[in-house]
Amino acid sequence: MKQIMKDGPDIARIAALVGDPARANMLTALVGGLALTAGELAREAAVTPATASSHLSKLQEGGLIIQQKQGRHRYFRLSGPDVAELLERLMGLAARTGHARTRPGPKEPAMRRARVCYDHLAGDLGIQAFDSLTRRGLIEADDETVTLTPAGAQFFAGEGLDIPALQTSRRPLCKPCLDWSNRRSHLAGALGAAILDRLIAMRWARREAGSRVVSFTREGETEFARMFPAG
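What you see is a predicted model; the values in this text were computed from it and never measured.

Caption draft 1: Up close: the state of the cysteines. Under the definition given, this model contains zero disulfides. Here C117 stays free of any disulfide, with the sulfur of C177 as its closest cysteine sulfur at 4.0 Å. For C177, a relative accessible area of 1% gives the class buried.

Caption draft 2: Structural context of the packing of helix α1 (residues 11-19) against helix α2 (residues 21-29). Look at α1 against α2: their axes get within 6 Å of each other, and the N-to-C directions meet at 85 degrees. With respect to each other, α1 and α2 are oriented roughly perpendicular. Side by side, α1 and α2 meet where A16, L17, V18 and G19 of the first sit next to P21, R23, A24 and L27 of the second. Each residue belonging to the contact of α1 with α2 can be placed in one class, and the counts come to six nonpolar, one polar and one charged.

Caption draft 3: Just the pattern of salt bridges, in detail. Inspection of every chain in the model, using the stated rule, returns eight salt bridges. In this structure, R171 engages D119 in a salt bridge whose closest nitrogen and oxygen atoms are separated by 2.6 Å. Here R171, found in the loop between α9 (163-167) and β8 (175-178), pairs with D119, found in the loop between β4 (115-117) and β5 (120-122); they are 52 residues apart in sequence, far enough to count as distant. Residue R184 pairs with D131 through a salt bridge whose shortest N-O separation is 2.2 Å.

Caption draft 4: Up close: the pairing of β8. Alignment of β8 against strand β9 (residues 185-188), held across four bridges, turns out to be antiparallel. Bridging from a neighbouring strand, C177 pairs with H186 of β9. The hairpin turn running from β8 into β9, its antiparallel successor, is six residues long, and R183 in that turn takes a positive phi close to 55 degrees.

The rules behind the values
Numbers given to residues run from 1 along each chain, matching the order in which its sequence is written. Local features in a predicted model are, by the rule used here, given only for residues with pLDDT of at least 70; side-chain atom pairs are given and counted only at 80 or more, and totals for whole chains, interfaces and linings are based on all residues. Think of the side-chain values as coming from all heavy atoms in the structure, minus any hydrogens and water. Criterion for a disulfide: a pair of cysteine sulfur atoms within 2.5 Å. A 1.4 Å probe rolled over the protein chains alone gives each residue an accessible area, and that area as a share of the maximum for its type sets the label: buried under 20%, exposed over 50%, partly exposed in between. Simply put, an axis is a line fit to the C-alpha atoms, just over the touching stretch for a helix, and the angle between two N-to-C directions goes from 0 to 180 degrees. In this description a helix means any DSSP run of H or I spanning at least four residues, a strand means any run of E spanning at least two, and both kinds are numbered starting from the N terminus. With respect to orientation, any angle under 35 degrees is reported as roughly parallel, any angle over 145 as roughly antiparallel, any angle of 65 to 115 as roughly perpendicular, and every other angle as oblique. Residue contacts follow a heavy-atom distance rule, with two residues in contact if any of their heavy atoms lie within 4.5 Å. Charged residues are taken to be Asp, Glu, Lys and Arg, nonpolar residues to be Ala, Val, Leu, Ile, Met, Phe, Trp, Tyr, Cys and Pro, and polar residues to be all remaining types, Gly included. Put simply, a salt bridge is a Lys or Arg side-chain nitrogen that is within 4 Å of an Asp or Glu carboxyl oxygen. When DSSP finds two or more bridges between two strands, those strands count as paired.

Purely geometric stuff here, so don't read any function into it on its own.
Here is the structure:
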């Protein structure tokens, strides 16, 4: 059969890179935004170091991950937030179509409640923040775009965020990101990252070591409810 060549991006190559089970495990381990070593990713994928090296080379050549060297160590991270958002959407699709993997354990409820998606807050609390901002007119959102309103800019300035600086970032100020555990949007973009950074800087929340889970202090729970009251 004659192969038909078409112009445009080669989505088949990206699908093949993500579709391998070992590489999929490596990529999802990097969704939290942390840089991991080849050994750590080999354990995530349950493969030998040599096999992991082969997979990492393919992911790097495909533009899905980048490598960083620090001393004698090599670290790998996702090449950008768009890769994390793609993976979140795929996880949501897998959950919706009945292809979820069951990993019992005490961290599962915590993952669903609050976790890092690349560099912003996801999970139930991420959705609560998004819904609260929308309901109060601080952002305007549809399925594809999110816009910070003047009232929203004033609100976040009062919370200590430098909105003019965020607006000069090369990345979008606000973006909707589909949450895989709820299949609803949470806030990504420069503002989403700044919100999570602020929560951590104020010691209201912290990232759990070796996990994407975000845990809140008692004070943090109170402050989060003040900033993003539930409807």
